[in-house]
Number of protein chains: 4
Amino acid sequence: MKKKIGVGLIGYKFMGKAHSNAWRKAGMFFDAPADVHMQAICGRDEDWLKQSAQKYGWNGYETSWQKLIGREDIHAIDITAPSDMHMEIAVAAAEAGKHVICEKPMALNVADARKMLAAADKSGVKHQIGFNYRFAPAVLLAKELIDKGKIGKVFHFRGQYLQDFIIDPLFPRIWRLDKSVAGSGSHGDLSAHVIDLARFLVGEFKTVTGMSKTFIKERPLVERMEGLSATAGTDVEMAPVTVDDATLFLTEFECGALGVFEATRFAAGHKNALRFEINGSLGSIIFELERLNELQFFSREDDANAQGFRSIMVTEATHPYISAWWPPGHIIGYEHTFVHEILSFITSIANDSRALPDFNDGVKCSQILEAVDVSIENGGWVNVGDI
Amino acid sequence: MKKKIGVGLIGYKFMGKAHSNAWRKAGMFFDAPADVHMQAICGRDEDWLKQSAQKYGWNGYETSWQKLIGREDIHAIDITAPSDMHMEIAVAAAEAGKHVICEKPMALNVADARKMLAAADKSGVKHQIGFNYRFAPAVLLAKELIDKGKIGKVFHFRGQYLQDFIIDPLFPRIWRLDKSVAGSGSHGDLSAHVIDLARFLVGEFKTVTGMSKTFIKERPLVERMEGLSATAGTDVEMAPVTVDDATLFLTEFECGALGVFEATRFAAGHKNALRFEINGSLGSIIFELERLNELQFFSREDDANAQGFRSIMVTEATHPYISAWWPPGHIIGYEHTFVHEILSFITSIANDSRALPDFNDGVKCSQILEAVDVSIENGGWVNVGDI
Amino acid sequence: MKKKIGVGLIGYKFMGKAHSNAWRKAGMFFDAPADVHMQAICGRDEDWLKQSAQKYGWNGYETSWQKLIGREDIHAIDITAPSDMHMEIAVAAAEAGKHVICEKPMALNVADARKMLAAADKSGVKHQIGFNYRFAPAVLLAKELIDKGKIGKVFHFRGQYLQDFIIDPLFPRIWRLDKSVAGSGSHGDLSAHVIDLARFLVGEFKTVTGMSKTFIKERPLVERMEGLSATAGTDVEMAPVTVDDATLFLTEFECGALGVFEATRFAAGHKNALRFEINGSLGSIIFELERLNELQFFSREDDANAQGFRSIMVTEATHPYISAWWPPGHIIGYEHTFVHEILSFITSIANDSRALPDFNDGVKCSQILEAVDVSIENGGWVNVGDI
Amino acid sequence: MKKKIGVGLIGYKFMGKAHSNAWRKAGMFFDAPADVHMQAICGRDEDWLKQSAQKYGWNGYETSWQKLIGREDIHAIDITAPSDMHMEIAVAAAEAGKHVICEKPMALNVADARKMLAAADKSGVKHQIGFNYRFAPAVLLAKELIDKGKIGKVFHFRGQYLQDFIIDPLFPRIWRLDKSVAGSGSHGDLSAHVIDLARFLVGEFKTVTGMSKTFIKERPLVERMEGLSATAGTDVEMAPVTVDDATLFLTEFECGALGVFEATRFAAGHKNALRFEINGSLGSIIFELERLNELQFFSREDDANAQGFRSIMVTEATHPYISAWWPPGHIIGYEHTFVHEILSFITSIANDSRALPDFNDGVKCSQILEAVDVSIENGGWVNVGDI
């Protein structure tokens, strides 16, 4: 008989919806190796919780995360609350013996991330960090091609994460633009994903040097749902933007490859443009998140007169996770990466195997983010190992 | 208080999964105007039904569709059974006073389709036909641009639906290749979608002339799930392929535009390549299903030196249905078109408004399909109105 | 020592410039197997000829094509005059023992084309027809891949030639829109190229059925250089448009493949969009003239999980003609196809080998064009062999 | 009457061919404002010169550049010799009162570049530096859009120049890989172009920090034409590679924009992939050299529901230089940028106007290249103004 896993979810905005959907669909589309019970969703707004628990498929709700963690029918905690709460909740959950999956960025700084890892390691629970893009079938195919040596020795990693949602100066000073809550701007929010993918595909970072900028220093302080267009106000209170609008950095990987990373929320026309390219001695790979069902692959082993970047539709039954979904060419979307992520977490609990990426990966990513920050402050190269 | 709608789903393969998911997510992501109860799923394999009713979110199951239709707690029937059963079920459901949504192709022939429409009209129930691609946000945006006159008077419609899943001669003789069950091959399965989109965007067809071909006349008769790769068998029983592998036709629309349509399952490299382009006096529009979050638009009204096909990411909150999903650039997939379709059906029941596309659209599409068939038989032009 | 070839060019507009450039560059970039002398350019406007002979690199000029043909120092005649003059000039040139290269469309009708072929055959001169797109390196690579069996047995040919230069109703009634001079509209001007490429790559046409339309029936009769934007005139004299604005047709090839062809000058946003796709049992090929340095190729023989359309930059030294030009990735343009065409003509003269494509190909293409015309008139299928 | 300009060209390899062709076509396709005489080509290999002077359209040749410069019938010197000879020739030419156009990179270092500028300024001759990509119509359109404020205030410049021609370890140690002759590797050869475009479009650089690498430290020392594939040799003499295989750097522009630059010869699949993207407050622009007839443009001023990157075919008569070439959609190639460049040089001589880009631009570019070199040596940020 399958193991029973009771789940509690903390946070209910954008990420809460994505995770709720993922918990539900993991069981609907896959033969999950455990019997998942979506026990409770947790947040501060009780009215909202009442309405949405059922809507999102949760059996109940809690308004105190401490109470949620204390429940015996709950074995796993899914943290999608704002970044400044991650450490406290994750440590408490681990100490209470709950498996933990936590959204990225892992914590506000490396020190906190390390506390989370230590707590999880000590209690022996499963821990996973929410780098969902690792679970895009095209990214997994990239990993497979690289592991099979299809692109040979890696020379270059070229990563970008471009958005434009705050390009309007009247876009409000939401919490994501407040360092005390968000920890970081484009760097922690966007680069974090690209760094994780680079580690996944190319390996560890040795040294970094970076730069960053806040193009718009203050913004209207109005209550708004994120993602809406700007409001024009004349007598609106302004508040300072305390995070970076854009961060760029160079890196050398342990394997000798060179890397360049650019994250910005000021690239007009780019909505969610995570893009990376890897060049190796035998071929190259390109991935673009806005076309996440495709992977571009160039092979120097093709016939000399017929080499070219080929655009692989990663929607065949032979591709990772796809056989559970739809026939070839029937594309999946952004939310599916979370389904795969949650399925992976369920599997690690059910099989008592290591979750990947786990808090070790979260700490490593935080180290790199912080190394870039130090480099920006000091104006020179920083060894990631020194952080 | 919201109206209650009890739903019964007939059929549980590929389309059953897509529809189950749609019924569930319509309520989770949207404020549906009715209170939907997923009462029962219906099929012949009781073991399968037992397992999957719960998995797919249905409260129960039935092994007789007649019984399903007879249940008082069920107000709407969703038909995803094979094409040859559509007519009988739909007529019975309508006569029993149930609202009906039916997968395409509507029926095996125009006569049957007309019976379905007549039954539904007589009983006054809501009826909808499953042309789900109308509900892709990019297609709805195309409609909006056309209705606003952005491409002016239409000159050309260029439609293709290219697949390659049966290109291997050892791919088995599945039911889709048997005329007595499927009714038609590429024409009914693929062209039907493109014809409906053409009608939706450009208007009615006046005349058609066509051609078709079955490239591979017989195939191994082995039990197989569709979509899997071919098996090599030597002493396998062969069966004739009685449907078209490819069908092409030309048309003149009532509005004077010229159209060309091509459907095939023999276009190597194309997995689900529904593509259409519309050229008008002021601009053009291109849609490709494999990149369904994008719409290409050319406007002759742009600055003379800066005109070009622009690729619109149809993932903004201002785009149809998107605000319920994810932030800009976070793409949706194939299955989302069904969620919108089901939501539309729910809305027509809740608001007592006409569903679109409905059985009238299904009949019209069938007429065009059949007119092409007649043309192929007779070798000349056929007036659609004569069918 | 190399053979000497004296050349005379008739016509000096758009095509005259392209051919002059080609004659000049063939010798500059290639080791041509003959010693070419650009003896004279011929037209009616002496002032223009005086200026441009030297500019375009011709040693002199003539105002009478009869006189040009009569010159002993001229061994080859290049005809770029309007279509209605092709037959008379070509026949006369052949009878005078001159090698002839003639722009497409070959003649106003099949009968004239056959006279040209007969005259050339009788006199034994080399003859070539100006289907310059055969000489795009990407097209030649397509031919090579097909001949090597890389796409297997052909199922589909899908050809389009889309332009929009006359979409404005105020665009004038230029000679290209007058049937008595141009012979045909989009069909003869645009389809002719695509038909030739289809014959080159897939083989002979068996049957055709088509349709055509003139969207704008009359236009201002003003003197204008072609290609300029429209003039707004109120009291301008109007003249009827007597050629087709768009022509579409279906075909079955001798090899059993199905073909669809569409030529139009009313496809907003498309400037010179000759595009073809060929689908075979093992792969597919796509070519787009506006990106003529690229060829898309899909191979079912690639690894199962890594199949996709690959975009080959046809600019490697291993690709046809490229080693004479620039390093990889340094693209060539439209005019280079003529250089290769002229080089091929020079080679056939120097080596006394058959030119390709020659007047036989021109006649075949004319037959198909005319078969489509007959089909349009009669409303049914026409055997190309009956023309 | 038009001014007479006698021209002498030094160097006759790849660039010599490109420049010869450009001098010839400038007069053929444009109404050049001067009467150009291609007097002599100059190099060391007399046999080659004899053959090619005529082939390339030069009236004669010289084997001594000093003698060439001394000729009274020559008013302008075009330098395409290897980089290490630029300074000496250019200074001598300027002192002899000859106008000078010089290929990039301008010189082996900033000091030499400044000597060239000083000499040219002192003698008052026209001087131009060979950043030919400024003359691609798409780049000029980008400039026009930026100058008209279409993309607003610039936030980001993202430049890449990716090639792969030396990725094979057996590719020989050609002169381009020898620092004493070439001065620099990917940085001077490739970044130089991108830096110039960035200066042209975004403005001056303030600070830089960079990194570089030589992936393959030694290579076979065999005589070879550049561009050919590698030879496999076992007893071949090896020589060290003394230039960079890849160089990356970050920059802040004077205007506050952030820039990232990457040049490499180790990006498998990229042949001549100069690519830049500029993001501004109102829009974005993307250019790719391998598709040099296209410019991508995103405008936040388009209708909210119809914004997207549009691909402009920069082949309309309204686009820079195009009216002299071919009709819309008939693309031009790499070599055409040189024709425009040479025409611009002729014009500056004829009209006694400043050539652009001139030696000032060459010096500025050299400063930036060198600032990056210093940064790589020192490991920190360098003010470009300090070089």
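Residues numbered from 1 in each chain as written. Chains lettered and ligands numbered in written order. Predicted model: local features only at pLDDT ≥ 70, side-chain atom pairs only at ≥ 80, totals over all residues. Heavy atoms only, no water.

(A) Structural detail: the sheet that holds strand β1 (residues 3-10) of chain A. All names here are of chain A. Strands sit in the order β3-β2-β1-β4-β5-β6 across an open sheet of six strands; the sheet is parallel. Every interior strand has two partners, whereas the edge strands, β3 (60-62) and β6 (127-130), have only one. On average, each strand axis in the sheet is inclined to that of its neighbour by 25°, with strand direction left out of account. Sheet topology places strand β2 (residues 34-42) next to β3; three bridges connect them, and they run parallel. Pairing of A40 across the sheet is with G60, part of β3. Across the sheet, helix α2 (residues 46-55) is in contact with β2 and β3; its angle to β3 comes to roughly 160°. Here helix α9 (residues 336-351) sits on the sheet and contacts β1, β2, β4 (76-79), β5 (99-103) and β6; the angle it forms with β5, its principal contact strand, is near 160°. (Pairing = 2+ DSSP bridges. Helix = DSSP H or I, 4+ residues; strand = E, 2+ residues; numbered from the N terminus. Axes fitted to C-alpha atoms, helices over the stretch in contact; angles between N-to-C directions. Contact = heavy atoms within 4.5 Å.)

(B) Quick peek at helix α10 (residues 359-378) of chain B. Residues and elements named next belong to chain B. Helix length check: α10 (20 residues) gives 28 Å between terminal C-alpha atoms against 28 Å at 1.5 Å per residue, within 8%. Within α10, the full set of buried residues consists of F359, D361, G362, V363, C365, S366, Q367, I368, L369, A371, V372 and S375. Where α10 begins, one side-chain oxygen reaches toward the backbone nitrogen of N360, 2.9 Å away; that side chain belongs to D358. Remark: G379 follows α10 within two positions and exhibits a positive phi of approximately 80°. (Expected span 1.5 Å × (residues − 1). Buried < 20%, exposed > 50% of the residue type's maximum accessible area, 1.4 Å probe, protein only. Polar contact = N/O pair within 3.5 Å; in protein donor to acceptor, adjacent residues only side chain to side chain.)

(C) Focus on the interface of chain D and chain C. Taken residue by residue, the interface counts 39 residues in chain D and 38 residues in chain C. When chain D packs against chain C, the two sides together hide about 3500 Å² of surface, and 59% of this comes from carbon and sulfur. Interface area lost by chain D to chain C is led by M28(D), W326(D) and I331(D), which between them contribute 21%. The interface formed by chain D and chain C holds eight salt bridges in total. A salt bridge links K55(C) to D31(D); its shortest N-O distance comes to 3.0 Å. Summed over the shared surface of chain D and chain C, the result is 18 residue pairs in polar contact (both at pLDDT 80 or more). Those elements giving two or more residues to the side of chain D that touches chain C turn out to be α1 (14-29) and β16 (308-313) of chain D. Counting residues per element, the side of chain D that touches chain C draws most heavily on α1(D), which supplies 10 residues. Here the residues of the side of chain D that touches chain C sort into 17 nonpolar, 11 polar and 11 charged. (Buried area = accessible area lost by both parts, 1.4 Å probe. Salt bridge = Lys/Arg side-chain N within 4 Å of Asp/Glu carboxyl O. Nonpolar A, V, L, I, M, F, W, Y, C, P; charged D, E, K, R; others polar.)

(D) Examining the sheet that holds strand β3 (residues 60-62) of chain B more closely. Residues and elements named next belong to chain B. The six strands are arranged β3-β2-β1-β4-β5-β6 in an open sheet whose pairing can be described as parallel. The sheet is open, and its two edges are formed by β3 and β6 (127-130), each paired on a single side. Across the sheet, the mean angle from the axis of one strand to that of its neighbour is 25°, orientation sign disregarded. Both strand β1 (residues 3-10) and strand β2 (residues 34-42) contribute to a ladder of eight bridges, which runs parallel. Note on β2: the bridge partner recorded for V7 is M38. The sheet contacts of helix α9 (residues 336-350) involve β1, β2, β4 (76-79), β5 (99-103) and β6, and relative to β5 the element is tilted by about 160°.

(E) Representation of the nonpolar core. Core analysis: the largest hydrophobic core is formed by 234 residues, its most contacted members being F205(C), F276(C), F287(C), F205(D), F276(D) and F287(D). Beyond its immediate sequence surroundings of up to four residues, F287(C) is in contact with A136(C), A138(C), V139(C), L274(C), R275(C), F276(C), L292(C), E294(C) and L295(C). Grouped together as the second largest cluster of nonpolar side chains are 233 residues, A32(A), A198(A), I77(B) and I346(B) included. (Core = buried A, V, L, I, M, F, W, Y, C linked by side-chain atoms within 4.5 Å.)

(F) Focus on the pairing of strand β1 (residues 3-10) of chain D. All names here are of chain D. Counting buried positions over the eight residues of β1 gives six, a clear majority of the element. Regarding the hand of the β-α-β motif, the stretch spanning β1, α1 and strand β2 (residues 34-42) is right-handed. The sheet contact formed by β1 and strand β4 (residues 76-79) spans four bridges and is parallel. Note on β4: the bridge partner recorded for G8 is I77. (Right-handed = clockwise from strand over helix to strand, strands pointing away.)

(G) Here's a closer look at the environment of A317(B). Residue and element names in this part refer to chain B. Mapped onto the secondary structure, A317 falls in the loop between β16 (308-313) and α9. Residues A317 and I89, spaced 228 residues apart in sequence, show a C-alpha to C-alpha distance of 39 Å. Among all residues touching A317, those that are not within four sequence positions of it are I322 and S323.

(H) Here's a closer look at the environment of I387(C). Residues and elements named next belong to chain C. Tracing the chain through its elements places I387 in the segment after β17 (382-383). Taking the C-alpha atoms as reference points, I387 and V181, separated by 206 residues in sequence, lie 22 Å from one another. Among all residues touching I387, those that are not within four sequence positions of it are V110, R114, Q367, E370, A371, V374 and V382.

(I) Seen up close, the packing of aromatic side chains. The tally for this structure, following the rule as stated, stands at 92 aromatic pairs over all chains. Consider the rings of F298(B) and F309(B), whose centres lie 5.4 Å apart with planes at 45°: the pair is tilted. With F298(B) in strand β15 (residues 294-299) and F309(B) in strand β16, this pair connects stretches of sequence that are 11 residues apart. Each of the two residues, F298(B) as well as F309(B), counts as buried. The interplanar angle of 75° and the centroid separation of 5.6 Å between the aromatic rings of F29(D) and W326(D) together place this pair among those described as edge-to-face. (Phe/Tyr/Trp six-rings, centres within 6.5 Å; stacked < 30°, edge-to-face > 60°.)

(J) Representation of the relation of the copies chain C and chain B within the structure. Once turned by 180° and shifted 0.0 Å along the axis, chain C lies on chain B with an RMSD of 0.0 Å. What the superposition gives is, in effect, a two-fold axis relating one chain to the other. Distance from the rotation axis, computed per C-alpha, reaches its smallest value in chain C at G380(C): 2.3 Å. (Least-squares fit on C-alpha atoms with pLDDT ≥ 70 in both.)

(K) Main features of the packing of helix α5 (residues 110-123) of chain B against α10(B). Residues and elements named next belong to chain B. At a minimum axis distance of 9 Å, the contact between α5 and α10 shows a crossing angle of 170°. Put simply, α5 runs roughly antiparallel to α10. From α5, V110, A113, R114, M116, L117 and A120 reach across to α10, where they touch F359, N360, V363, S366, Q367 and E370. Residues belonging to the contact of α5 with α10 are distributed by class as follows: seven nonpolar, three polar and two charged. (Parallel < 35°, antiparallel > 145°, perpendicular 65-115°, else oblique.)

(L) View of the interface of chain C and chain B. Taken residue by residue, the interface counts 42 residues in chain C and 42 residues in chain B. Contact between chain C and chain B buries roughly 3400 Å² in total, counting both sides, with carbon and sulfur atoms accounting for 64%. Taken as a group, F155(C), M211(C) and L258(C) account for 16% of the area that chain C buries against chain B, more than any other trio of residues on that side. Between the two partners, chain C and chain B, sit four salt bridges. R158(B) is the partner of E262(C) in a salt bridge, and the nearest nitrogen-oxygen pair spans 2.6 Å. Counting every contact that joins chain C to chain B gives 14 residue pairs in polar contact (both at pLDDT 80 or more). Contributing elements (two or more residues each) for the side of chain C that touches chain B: β7 (154-162), β8 (205-213), β11 (246-253), β12 (258-264), β13 (273-280) and β14 (283-288) of chain C. Of the residues forming the side of chain C that touches chain B, the biggest block, six residues, is contributed by β11(C). Classifying every residue of the side of chain C that touches chain B gives 17 nonpolar, 17 polar and eight charged.

(M) Molecular detail of the pairing of β14(C). Residue and element names in this part refer to chain C. Most of β14 is tucked away, with five of its six residues classed as buried. Examined bridge by bridge, β13 and β14 share five bridges and lie antiparallel to one another. Across the sheet, residue R275 finds its bridge partner in β14, namely E288. Connecting the antiparallel pair β13 and β14 is a turn made up of two residues. Direction of pairing for β14 relative to strand β15 (residues 294-299): antiparallel, over a ladder of four bridges. Residue S284 lies in a different strand from β15, and its bridge partner there is F298.

(N) The confidence of the model for chain A, seen in detail. All names here are of chain A. On average, chain A scores 94 in pLDDT, and the residues at 70 or more come to 97%. A low-confidence stretch, residues 224-233 stays under pLDDT 50, and its non-local contacts, those more than four residues away or across chains, total 16 contacts. Here the predicted complex carries an ipTM of 0.95, next to a pTM of 0.96. (pLDDT = per-residue confidence, 0-100.)

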